[in-house]
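This is what each chain is made of:
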Amino acid sequence: MTKKIAIIGTGGTIAGQGASDTDLTGYTAGVLPLEEIISSVPGVRDYGPFVCNQFCNIESSDITLFQWVRLSKLVQKCVDNDDIAGVVITHGTDSMEETAYFLHLTVHTDKPIVITGSMRPAGAVSADGPINLLQAIQVARTPESYNKGVLVVMNGYIDSARDVTKMNTTNVATFGSPNAGHLGIVQDGIAQYYMCPLRKHTMESEFGLPEDDDLPRVEILTCYAGIEEIMGLAIVATNPSGLILAGLGHGTIPQPIRKVTSNLPIPVVRASRTGSGIVSKVPQDVEAGYFVCDSLSPQKARILLMLALQKERTCKDLERIFKEY
């Protein structure tokens, strides 16, 4: 008997509708139910059977930490079922990379977990949702997709949740991995892999989920030329559990912000707003008590720090975590 693919719907543009078939930006996301989206995909039944779950139907910019935790628990429940071969999640593209990375660190399985969506709403001219969903299911059905962690499948490419990012506001070719490159390509109905994620994930991850669905609060402060001290003071005054500084260039922190964020009683991590490259440790980090994010984006460094701070960590623990994940 063929095992099932669990398809979980969360909304997004793939479930969106516009006022006309040429409305590519002013549409409403999270309108269509999951079953209707699946039924619009030619040939999809060849890759069944499926079990479907409409988790939510929202614009992905509105997703919350609470929903991340609940979604992770749902995905874990699916992959723990012997009748499930893998999971496909439909999701809005705005926060897709963040949801993917959260699941990458919190779901413990070697089964394929694939996230997809679209840049154009259903019914729009050249809508990309149907082909993206079909290819995501094909990836989930490919045996080589096992033990790859959470995968993002968009526009015929396969990317690791750790490295993928949205790089364009509207183009269907928006997703890529600037530092690592695509893991593979979907062609002729199967996933063709050329790269493999090496940092810890899923089965190797040490991170769990809070029983009360509440995670430590970690904030991001984006730096810019001329930023004033008051911006740092304001965010520190909210008493976060941790802070990510999205610095300029190689994570350079302007002096006004360095002045108010050095040697705080919470972990402060230097990242970069540039979108690619590595932020490595420099002598000034020791003076300021900063950690560095390696090649993680500020938003993904935030996720990693949130999960790490669920328990008490030493400086060495946090340094190790940012090197291993």
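None of these values were measured; they are calculated from a predicted model. (Residues numbered from 1 in each chain as written. Predicted model: local features only at pLDDT ≥ 70, side-chain atom pairs only at ≥ 80, totals over all residues. Heavy atoms only, no water.)

A. Region of the structure containing the overall build of the protein. In terms of regular secondary structure, the protein is built from nine helices and 14 strands. What you see for the protein is a C-alpha radius of gyration of 20 Å, in line with the 20 Å of a compact globule of 325 residues. For the protein, the spread of C-alpha atoms along the principal axes amounts to about 60 × 45 × 40 Å. Taking all 325 residues of the protein together, 53% fall into the buried category. For the protein, long-range pairs separated by at least 24 residues make up 71% of all intrachain contacts whose partners lie at least 6 apart in sequence. Per element, the accessible surface of the protein, about 14100 Å² overall, is 51% carbon and sulfur. For the protein, the separation between the mean place of its 27 positive charges and that of its 35 negative charges on side chains is 5 Å. (Helix = DSSP H or I, 4+ residues; strand = E, 2+ residues; numbered from the N terminus. Rg over C-alpha atoms; globule rule 2.2 N^0.38 Å. Buried < 20%, exposed > 50% of the residue type's maximum accessible area, 1.4 Å probe, protein only. Contact = heavy atoms within 4.5 Å. Areas by Shrake-Rupley, 256 points an atom, 1.4 Å probe, with all protein chains shown as cover. Lys, Arg positive; Asp, Glu negative; His and termini not counted. Charge placed at Lys NZ, Arg CZ, Asp CG, Glu CD.)

B. Layout of a nonpolar patch on the surface. Together, Tyr-157, Ile-185, Tyr-194 and Met-195 give the surface a local cluster of nonpolar side chains, amounting to about 390 Å² of exposed area. Along the polypeptide, Tyr-194 turns up in the loop between β10 (190-193) and β11 (218-222). On the accessibility criterion, Tyr-194 (59% relative accessible area) is exposed. (Patch = residues over 30% accessible without salt bridge, like charges linked within 9 Å, V, L, I, M, F, W, Y side chains within 5 Å. Salt bridge = Lys/Arg side-chain N within 4 Å of Asp/Glu carboxyl O.)

C. Layout of unusual backbone geometry. Of note, the amide linkage connecting Gly-48 to Pro-49 takes the cis form, showing an omega dihedral of 5 degrees. Mapped onto the fold, Pro-49 is located in the loop between α1 (34-39) and β2 (50-58). Phi at Asn-239 is positive, roughly 55 degrees, even though this residue is not glycine. Here Asn-239 lies in the loop between α5 (229-236) and β12 (242-247). Phi at Asp-294 takes a positive value of approximately 65 degrees, unusual for a residue other than glycine.

D. Structural context of the pattern of salt bridges. This structure, assessed with the given rule, holds 14 salt bridges. Here Arg-70 ties to Asp-213 by a salt bridge, and the two come within 3.0 Å at their closest N and O atoms. One end of the pair, Arg-70, is in helix α2 (residues 65-79); the other, Asp-213, is in the loop between β10 and β11, with 143 residues separating them in the sequence. Look at Arg-70 and you get partly exposed, because its relative accessible area is 35%. Classification of Asp-213 by relative accessible area gives buried; the value is 14%. Salt-bridge contacts for Arg-199 lead to Asp-294; the nearest nitrogen and oxygen are separated by 3.3 Å. Taken together, the positions of Arg-199 in the loop between β10 and β11 and Asp-294 in the loop between β14 (290-292) and α8 (298-308) put the pair 95 residues apart, joining distant regions of the chain. With relative accessibility at 18%, the residue Asp-294 sits in the buried group. Connected through shared salt-bridge partners, Lys-200, Glu-206, Arg-313, Arg-320 and Glu-324 make up one network.

E. Summary view of the sheet that holds strand β1 (residues 4-11). Spatially, eight strands are ordered β2-β1-β3-β4-β5-β6-β9-β10 in an open sheet, and the strand pairing comes out mixed. The outermost strands of the open sheet, each flanked by one partner alone, are β2 and β10. Within the sheet, the average angular offset between the axes of one strand and its neighbour, ignoring direction, is 25 degrees. Note: strand β9 (residues 184-187) against β10, four bridges, orientation antiparallel. Bridge assignment links Ile-185 to a residue of β10, and that residue is Gln-192. The sheet contacts of α2 involve β1, β2, β3 (84-90) and β4 (113-116), and relative to β2 the element is tilted by about 180 degrees. (Pairing = 2+ DSSP bridges. Axes fitted to C-alpha atoms, helices over the stretch in contact; angles between N-to-C directions.)

F. Fine view of α2. For α2, spanning 15 residues, the distance from its first C-alpha to its last is 21 Å, which sits close to the expected 21 Å at 1.5 Å a residue. For α2, the set of buried residues is Gln-67, Trp-68, Val-69, Leu-71, Ser-72, Leu-74, Val-75, Gln-76, Cys-78 and Val-79. (Expected span 1.5 Å × (residues − 1).)

G. Spatial organisation of the environment of Gly-48. Take Gly-48: it is sitting in the loop between α1 and β2. Sequence-wise, Gly-48 and Ala-6 are 42 residues apart; in three dimensions their C-alpha atoms are separated by 9.6 Å.

H. Structural detail: the packing of aromatic side chains. Counting across every chain of the model gives two aromatic pairs. Residues Phe-207 and Tyr-325 carry aromatic rings whose centres are separated by 4.8 Å and whose planes lie at 50 degrees to one another, so their mutual orientation is tilted. Taken together, the residues Phe-207 in the loop between β10 and β11 and Tyr-325 in the segment after α9 (315-324) connect sequence positions 118 residues apart. Residue Phe-207 shares its accessibility class with Tyr-325, and that shared class is buried. Lying across the ring of Tyr-193, Lys-148 places its NZ or CZ 4.5 Å from the centre. (Phe/Tyr/Trp six-rings, centres within 6.5 Å; stacked < 30°, edge-to-face > 60°. Lys NZ or Arg CZ within 6 Å of the ring centre and 35° of its normal.)

I. Layout of helix α4 (residues 129-141). With 13 residues, α4 extends 18 Å from end C-alpha to end C-alpha; this agrees with the ideal 18 Å at 1.5 Å per step. For α4, the full list of buried residues reads Gly-129, Asn-132, Leu-133, Leu-134, Gln-135, Ala-136, Ile-137, Gln-138, Val-139 and Ala-140.

J. Region of the structure containing the nonpolar core. Membership of the largest hydrophobic core comes to 29 residues, with the highest contact counts inside it found for Leu-105, Phe-207, Ile-303, Leu-304 and Leu-305. Broken down by secondary-structure element, the contributors of at least two residues to this core are α2, α3 (96-106), β13 (268-272), β14, α8 and α9. Ranked by residue count, the leading element in this core is α8, at seven residues. Setting aside anything within four residues of it in sequence, one finds Leu-105 in contact with Lys-200, Ser-205, Phe-207, Ile-303, Leu-304, Leu-307 and Tyr-325. Within the second largest apolar cluster, 27 residues are counted, among which are Ile-7, Ile-38, Leu-134 and Val-186. (Core = buried A, V, L, I, M, F, W, Y, C linked by side-chain atoms within 4.5 Å.)

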